[in-house]
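Each chain, letter by letter, is given below.
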Amino acid sequence: MKKRLLGVLLTISVIAGALAGCGGNKNQASSTAATGEGGLKVLRNAVMTGQLDQYATEVGLWQGIFKKHGIDLKTNEFVAGINTIDAIVNGQADVGMMADYAAVNRIGNTQDNTDLRIFSELSGGGIRSGGLYVPEKYAKDLKSLDGSEGFVTHTGTVSDYYAARIIEYIGLDYNKQKLLNADSTQTQLALVKNNQASAIFAVGSQAKYVEEYGWKLVATVDELKITTGAYYLAKEGYIKENKQLLADYLTAIAESVKYIDEHFDESAKYLADKLGVKEEDFKLQWKGYELRSGFSEDAAKHLEEIEKWAFGAGRFKKDYNIRDFINTEAIEIAFPDKVTLKK
């Protein structure tokens, strides 16, 4: 195999451990949520740095939305979905978010020894902007990317899926391409700025910076036929013992999303002060995705398509049915009219 994977930062061992490690032992005892101050139910949420779930969570805490729904929300911040799910597996968190490919890949690699379940959508239905960006010298002939500086990815995350689909779209041999493993948006942008890469999939505020560095958009998300979604995961036992708490949590998240949509400038300013994210960057990122509650049949089919692709691409050894790892008990309480998943 001629593909060469370049580790940009010293987190490769952590990422590799996340991919190969336990997915959540079936035999572990389930946990009932603790009761905190004022009778509120404690829920430990692992959020992703600079992602939609963090924004909705911070605004919900700011506006007292979680407390209104009886939740004492505790948050821990992680760089990627693989890390939020590690936190669940290791008992540091109760719920976390993961992108579609990362969830499918994680479950696929631990399917015989995991009690992780996908219990709700957070976003889905397609990315509204961005796509494949390359330096100007490659813009008129994408085939010239063959054996070039490298395709930016983040091993174990949805970026792996994007890179593979882009290589497939161009018509190159995946096994002959260089993949540049960057473990954060900042590292990815540094590769672009310093011309140490030749292709990147970027959306929202990241796409804005890539364009500022002189890279060209050569294929939109529609042309690449790339759609993505984000999903909440928890352990099966936790879901069964805390259905109402998770339903209240999902209701609060939806209310937080609505608040941001209705108070966009105010929310952007708050998040800039609280998290240090630039207001314009937040706005571009927030507008770049479609957020929705529930669990649709289309979402399940989307996960199935990714599972079939990932299995065929050798991402895990055994084919499986992703529907076996979906539990809609909590979302059916919160938004019964938005659950169209076929059992």
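Overview of the structure.

The rules behind these values
Residues numbered from 1 in each chain as written. Predicted model: local features only at pLDDT ≥ 70, side-chain atom pairs only at ≥ 80, totals over all residues. Heavy atoms only, no water. Phe/Tyr/Trp six-rings, centres within 6.5 Å; stacked < 30°, edge-to-face > 60°. Helix = DSSP H or I, 4+ residues; strand = E, 2+ residues; numbered from the N terminus. Buried < 20%, exposed > 50% of the residue type's maximum accessible area, 1.4 Å probe, protein only. Lys NZ or Arg CZ within 6 Å of the ring centre and 35° of its normal. 1 Å grid on protein atoms, 1.4 Å probe; cavity = no way out; pocket = protein on both sides within 12 Å on 5 of 7 lines; lining within 4 Å. Points joined across faces, edges and corners; volume = space filled by probe spheres on them. Nonpolar A, V, L, I, M, F, W, Y, C, P; charged D, E, K, R; others polar. Polar contact = N/O pair within 3.5 Å; in protein donor to acceptor, adjacent residues only side chain to side chain. Axes fitted to C-alpha atoms, helices over the stretch in contact; angles between N-to-C directions. Parallel < 35°, antiparallel > 145°, perpendicular 65-115°, else oblique. Contact = heavy atoms within 4.5 Å. Expected span 1.5 Å × (residues − 1). Core = buried A, V, L, I, M, F, W, Y, C linked by side-chain atoms within 4.5 Å. Pairing = 2+ DSSP bridges.

### Digging into the packing of aromatic side chains
Stage number 1. Inspection of the entire model under this criterion finds 16 aromatic pairs.
Stage number 2. Centre to centre, the rings of Tyr55 and Phe282 are 5.0 Å apart; their planes meet at 90 degrees, and the pair counts as edge-to-face. Of this pair, Tyr55 sits in helix H2 (residues 52–62) while Phe282 sits in helix H14 (residues 279–287), and the two are 227 residues apart along the sequence. Grouping residues by exposure puts Tyr55 and Phe282 together as buried.
Stage number 3. Between Tyr101 and Tyr161, the ring centres sit 5.8 Å apart and the planes meet at 10 degrees, which makes this aromatic pair stacked. Of this pair, Tyr101 sits in helix H5 (residues 100–110) while Tyr161 sits in helix H7 (residues 158–170); the two residues are 60 residues apart in sequence, bridging distant segments of the chain.
Stage number 4. By way of ring pairs, the aromatic residues Tyr55, Phe264, Phe282 and Trp286 are connected into one cluster.
Stage number 5. For the cation-ring pair, Lys208 lies above Tyr209, with the distance from its terminal atom to the ring centre recorded as 4.5 Å.

### Overview of the layout of surface pockets
Stage number 1. Taken as a whole, the largest pocket holds about 1200 Å³ of empty space.
Stage number 2. Breaking the lining of the largest pocket down by element, the ones donating at least two residues are H2, helix H4 (81–89), strand E4 (95–99), H7, helix H8 (185–193), strand E9 (200–202), helix H9 (204–212) and H14.
Stage number 3. Split into classes, the residues belonging to the lining of the largest pocket amount to 23 nonpolar, 20 polar and four charged.

### Some remarks on the environment of Asp72
Stage number 1. Tracing the backbone through its elements, the reader meets Asp72 in strand E3 (residues 71–78).
Stage number 2. In sequence terms Asp72 and Lys41 are 31 residues apart; their C-alpha atoms lie 5.6 Å from each other.

### Quick word on the environment of Asp319
Stage number 1. Secondary-structure assignment places Asp319 in the loop between helix H15 (297–312) and helix H16 (329–334).
Stage number 2. Separated by 208 residues in sequence, Asp319 and Gln111 place their C-alpha atoms 9.5 Å apart.
Stage number 3. A distance of 2.9 Å separates a polar atom in the side chain of Asp319 from a polar atom in the side chain of Lys308.

### Side note on unusual backbone geometry
Stage number 1. Although it is not a glycine, Asn195 adopts a positive phi angle of roughly 55 degrees.
Stage number 2. Relative to the elements of secondary structure, Asn195 occurs in the loop between H8 and E9.

### Describing the packing of H5 against H7
Stage number 1. The contact between H5 and H7 brings their axes to 7 Å, and the two run at 105 degrees. The orientation of H5 relative to H7 falls into the category roughly perpendicular. Contacts between H5 and H7 involve Asp100, Tyr101 and Ala102 from the first element and Val158, Asp160 and Tyr161 from the second.
Stage number 2. Among the residues forming the contact of H5 with H7, the class breakdown is four nonpolar, no polar and two charged.

### What about helix H13 (residues 264–275)?
Stage number 1. For H13, which comprises 12 residues, the first-to-last C-alpha distance of 16 Å matches the rise-based estimate of 16 Å (1.5 Å per residue) to within 8%.
Stage number 2. Within H13, the full set of buried residues consists of Phe264, Ser267, Ala268, Tyr270, Leu271 and Ala272.
Stage number 3. Of the surrounding elements, those touching the buried residues of H13 are H2, helix H12 (243–262) and H14.

### Brief notes about the side chain of His302
Stage number 1. Considering the arrangement of structural elements, one finds His302 in helix H15.
Stage number 2. Residue classification places His302 among the buried positions, given a relative accessible area of 12%.
Stage number 3. Not counting chain neighbours up to four residues away, the residues in contact with His302 comprise Asp100, Thr227, Thr228, Gly229 and Tyr231.

### Quick look at H15
For the α-helix, the turn length of 3.6 residues means that residues three or four positions removed from each other point alike.
Stage number 1. The terminal C-alpha atoms of H15 lie 23 Å apart, and with 16 residues this matches the ideal 22 Å at 1.5 Å per residue to within 8%.
Stage number 2. Inspection of H15 places Glu297, Ala299, Ala300, His302, Leu303, Ile306, Glu307, Trp309 and Ala310 among the buried residues, and these make up the whole buried set.
Stage number 3. Directly beyond the C-terminal end of H15, a positive phi value near 80 degrees is found at Gly314.

### Looking at the nonpolar core
Stage number 1. Counting residues in each nonpolar core, the largest one holds 100 residues, and the members touching the most others are Leu43, Ile118, Phe151, Tyr249, Leu250, Phe282 and Phe295.
Stage number 2. Among the nonpolar cores identified, the runner-up in size contains 14 residues, and Tyr133, Leu189, Val192 and Val210 belong to it.

### Some words on the sheet that holds strand E6 (residues 131–134)
Stage number 1. Reading across from one edge, E9-E6-E10 is the order of the three strands in this open sheet, with antiparallel pairing throughout. Looking at which strands have only one partner, the edges of the open sheet turn out to be E9 and strand E10 (216–220). Between one strand and the next, the sheet's axes are offset by a mean angle of 40 degrees, whatever the strand orientation.
Stage number 2. In this structure, E6 lies alongside E10, joined through four bridges in antiparallel fashion. Among the inter-strand pairings, Gly131 is bridged to a residue of E10, identified as Thr220.
Stage number 3. Here H9 sits on the sheet and contacts E6 and E9; the angle it forms with E9, its principal contact strand, is near 130 degrees.

Structural measurements only, silent on function.
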